[in-house]
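Topology and contacts: notes
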Amino acid sequence: MDVLAVARDALATGPVCDACLGRLVADRSFGLTNDERGRGLRVALALADDADFEPPAAECWVCEDETDRYDTWADRAAAALRGYDFATYQVGTTVPPLLEENDRLLREEAGLDPEAGELLKSECNREVGKRLGERTDTTVDFERPDVVVHCDLATDAVDVQINSAFVYGRYRKLERDIPQTEWPCRECNATGIHRGEECSGCDGTGYRYDRSVEELTAPHVREAMDGESATFHGAGREDVDARMLGEGRPFVVEVESPRVRDVDTAELAETINEAADGAVEVEGLRLATYEMVERVKELDASKRYRMTVTFEKPVEPAAFEAALEALEGATIHQETPQRVDHRRASKTRTRQVYAIEGDLTGERAATVEVHGEGGLYVKELVSGDEGRTEPSLAGELGVGATVDALDVLEVTGEDEPFADPDYFRSGDDTHTDPARSEE
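Residues numbered from 1 in each chain as written. Predicted model: local features only at pLDDT ≥ 70, side-chain atom pairs only at ≥ 80, totals over all residues. Heavy atoms only, no water.

**A look at helix α6 (residues 120-136)**
The first and last C-alpha atoms of α6 sit 24 Å apart over 17 residues, in line with the 24 Å expected at 1.5 Å per residue. Where α6 is buried, its residues touch α2 (18-23), α3 (34-49), α4 (70-80), β1 (88-94), α5 (97-109) and β3 (147-152). Just beyond α6, the residue with positive phi is Asp 137, at close to 55 degrees. (Helix = DSSP H or I, 4+ residues; strand = E, 2+ residues; numbered from the N terminus. Expected span 1.5 Å × (residues − 1). Contact = heavy atoms within 4.5 Å.)

**Brief notes about the nonpolar core**
Among the nonpolar cores identified, the biggest contains 67 residues, and Tyr 168, Met 307, Phe 311, Val 370 and Leu 393 are the most heavily contacted of them. The contact partners of Met 307, leaving out residues within four places of it in the chain, are Ala 366, Thr 367, Val 368, Val 370, Val 378, Val 382, Val 403, Ala 405 and Leu 406. With 40 residues, the next largest nonpolar core counts Val 25, Leu 45, Ala 74 and Leu 112 among its residues. (Core = buried A, V, L, I, M, F, W, Y, C linked by side-chain atoms within 4.5 Å. Buried < 20%, exposed > 50% of the residue type's maximum accessible area, 1.4 Å probe, protein only.)

**Focus: the side chain of Glu 66**
Considering the arrangement of structural elements, one finds Glu 66 in the loop between α3 and α4. Here Trp 73 takes part through its side chain, which lies 3.5 Å from a polar atom of the side chain of Glu 66. Apart from residues no more than four positions distant in its own chain, Glu 66 is found in contact with Trp 73, Leu 99 and Leu 153. (Polar contact = N/O pair within 3.5 Å; in protein donor to acceptor, adjacent residues only side chain to side chain.)

**Things to note about the state of the cysteines**
Formally, a disulfide is one covalent bond, and it connects the sulfur atom of one cysteine to the sulfur atom of another. Throughout the structure, instances matching the rule amount to 0 disulfides. Counting only cysteine sulfurs, Cys 185 is the nearest neighbor of Cys 199, a cysteine outside any disulfide, at a range of 3.8 Å. Note on Cys 199: relative accessible area 1%, which makes it buried. (Disulfide = S-S within 2.5 Å.)

**Thoughts on the sheet that holds β1**
Strand order in this open sheet of 4 strands is β2-β1-β3-β4, and the pairing throughout is mixed. The open sheet has two free edges, formed respectively by β2 (139-140) and β4 (157-162), since each of these has just one partner strand. In this sheet, β2 lies alongside β1 in parallel orientation, the contact comprising 2 bridges. Its bridge partner being in β2, Thr 88 is matched across the sheet by Thr 139. Running over the sheet, α4 touches β3 and β4 and is turned about 40 degrees from β4. (Pairing = 2+ DSSP bridges. Axes fitted to C-alpha atoms, helices over the stretch in contact; angles between N-to-C directions.)

**Concerning the pattern of salt bridges**
Under the counting rule described, the total for this entry stands at 35 salt bridges. Of the charged contacts, one joins Arg 23 and Glu 123 as a salt bridge, the two residues approaching to 3.2 Å between their closest N and O atoms. With Arg 23 in helix α2 and Glu 123 in helix α6, the pair connects residues that are 100 residues apart, well separated along the chain. Glu 123 shares its class with Arg 23; the two are buried. (Salt bridge = Lys/Arg side-chain N within 4 Å of Asp/Glu carboxyl O.)

**Quick word on the side chain of Asn 34**
Within the element layout of this structure, Asn 34 appears in helix α3. A residue is classified by how much of its surface remains accessible, and Asn 34, at 1% relative accessible area, is buried. A polar contact is formed between the side chain of Asn 34 and the side chain of Arg 37, at a distance of 2.9 Å. Residues contacting Asn 34, with those up to four places away along its chain left out, are Asp 18, Ala 19, Gly 22, Arg 23, Ala 26, Glu 118, Glu 123 and Arg 126.

**Some remarks on the pairing of β3**
Bridge count for β1 against β3 is 6 bridges, and the pairing is parallel. Bridge pairing in β3 links Gly 92 to His 150. Sheet topology places β3 next to β4; 6 bridges connect them, and they run antiparallel. Within β4, the position partnered with Val 149 by the bridge is Val 160. Hairpin connection, β3 to β4: the antiparallel pair is bridged by 4 residues, and Asp 156 has positive phi, about 60 degrees.

**Section: the packing of helix α1 (residues 3-11) against α3**
α3 packs onto α1 with a crossing angle of 100 degrees between their chain directions and a minimal axis gap of 10 Å. One way to sum up the angle between α1 and α3 is to call them roughly perpendicular. Contacts from Val 3, Leu 4, Ala 7, Arg 8 and Leu 11 in α1 reach Leu 41, Arg 42, Ala 44, Leu 45, Ala 48 and Asp 49 in α3. (Parallel < 35°, antiparallel > 145°, perpendicular 65-115°, else oblique.)

**A word on the environment of Leu 41**
Secondary-structure assignment places Leu 41 in helix α3. Distance in space between the C-alpha atoms of Leu 41 and Arg 351 is 70 Å, their sequence separation being 310 residues. With residues up to four places along the chain from it excluded, the contact list for Leu 41 reads Val 3, Leu 4, Ala 7, Leu 21 and Val 25.

**Some points on unusual backbone geometry**
Cis geometry marks the peptide bond from Glu 390 to Pro 391; its omega dihedral reads -10 degrees. Inspection of the secondary structure assignment puts Pro 391 in the loop between β15 (389-390) and α12 (393-397). The backbone of Asp 156 sits at a positive phi, close to 60 degrees, despite the residue not being glycine. Note that Asp 156 resides in the loop between β3 and β4. According to the relative accessible area criterion, Asp 156 is partly exposed, its value standing at 36%. For Asn 189, which is not glycine, the phi dihedral falls at a positive 55 degrees. The exposed category is assigned to Asn 189, whose relative accessible area is 64%.

Written as C-alpha cells, this is what we have:
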C-alpha cells in the first residue's frame, strides 16, 4: 500500500478530518492515534509536493466532525456514572447509517477494501473509552465490566447499564420450617386474596411462610450495596422442614444496579447474623464474579445427611445392619417423589449412595447418616415412597419407615471446591472456603 497515494485519493473527495484520514491506515505505526496518523499524512503530502501545509478548514464530510467530540462524550458518560462505584467499564457506540455509508465511500474512493484500517464505530468506542478511563481511574473490560456506556451519535444520547454485583458465602439454617427462597401461596397466587376474602392459606400475606433464608440475607446485601433489588442463588436447596448445619450451603446473592461494590463482607455477615437472631447464619462472605452464579447452581456436589427414622414395626439389630450394608455404595433408582411430583418433572433418576451408617435408638427408631450424590432424595431412600425408590431402607427391612427429622450436614463439590480464586473479585481471594473438606 502506498499510503501517500491513499491519502491523496482520500483528500480529493472533499474535506476530511485527520482522524478519518488516519483511520484508513490504522494498521500502520503502532502507538499513534488515527488523528496523529492523519496529520502525519497531511504533513508528508505537503513536503512531497513542496506545498503549503493546509489543516482541515471545513466540516469533515465523512464523520461530520464527530471525532472532535470524544472529550464531550467522555464527560457526559462520566457524569452519567457519577454516584456509582465501579472498577471496570466498556463503551459502545451507535453510528448513524449515513456516517457508516460515508465511511464506506471514503474507502471506496481511496481504492481500499471496505474493512481496511479501522471503522468509525471502533474508533469511537476506543477513544471515548480511553478518555472515560482517565476521568474515572478505571479499566476497560471487554468480558464482564461493572458498567457499560452506550453513546448514540444519531440521537445524541448517553445511556448507562449498571451490571450486577455478587456476594458468595455459605449459610446455615438452624431452625426448621424455613424455606430457602420466598414461597408464594398457590391458593391465592401470592395476592393474599382468595375469592374476595383474605386467603386462609397464607393469612393474607401472599406467602406460605413468613420468612426464608433469602429474606433473612438478600435484603441486607442489597442495602449494603445500595442496589435496586437482590436475587438469591443457592447450590441446591434443603427441604423446608430440614436444617442446614455443618459448614453450610454455598449461595450467591446478586444485587442489581448497585451503587456500592466494595463492601466490608465481614461486617455484612455480622449484620445478617444479628438480624436473623439464630434462625440463619452466614459465613465466608466474599465479593464474587458473575460466573460464580453458574458455578453455585451447576457444580456437581455431594451431600451428607442425618435423619431420625421411625419404623412401623420393631427392627432387629442384625436386620438393620444388613439393610445398611445392602445400601452401602448402591445405585438408587428414583421416580420423582410423590411429595414433589406436582412441581418437578416426572422421570426416573439414578443416584449413588457413597456411604451409609446408623444406630438403632429403640425398637422402632434409628438415626441414619448418608453420604450421597447430589440430587439423591434421602427421605425416599428411607421410606421407599411406595416402591418409587429402589432399593430403600424400608424395602430392605420389609418394614415401613418414615423420616421424622432431617439435617443436611455437608454440601461439597464432587471433584473440586465451590470456592475458587478465579471466581472472586480481585483483592478478595485470600479467604478459604469454610467447608474444610473442600480445602
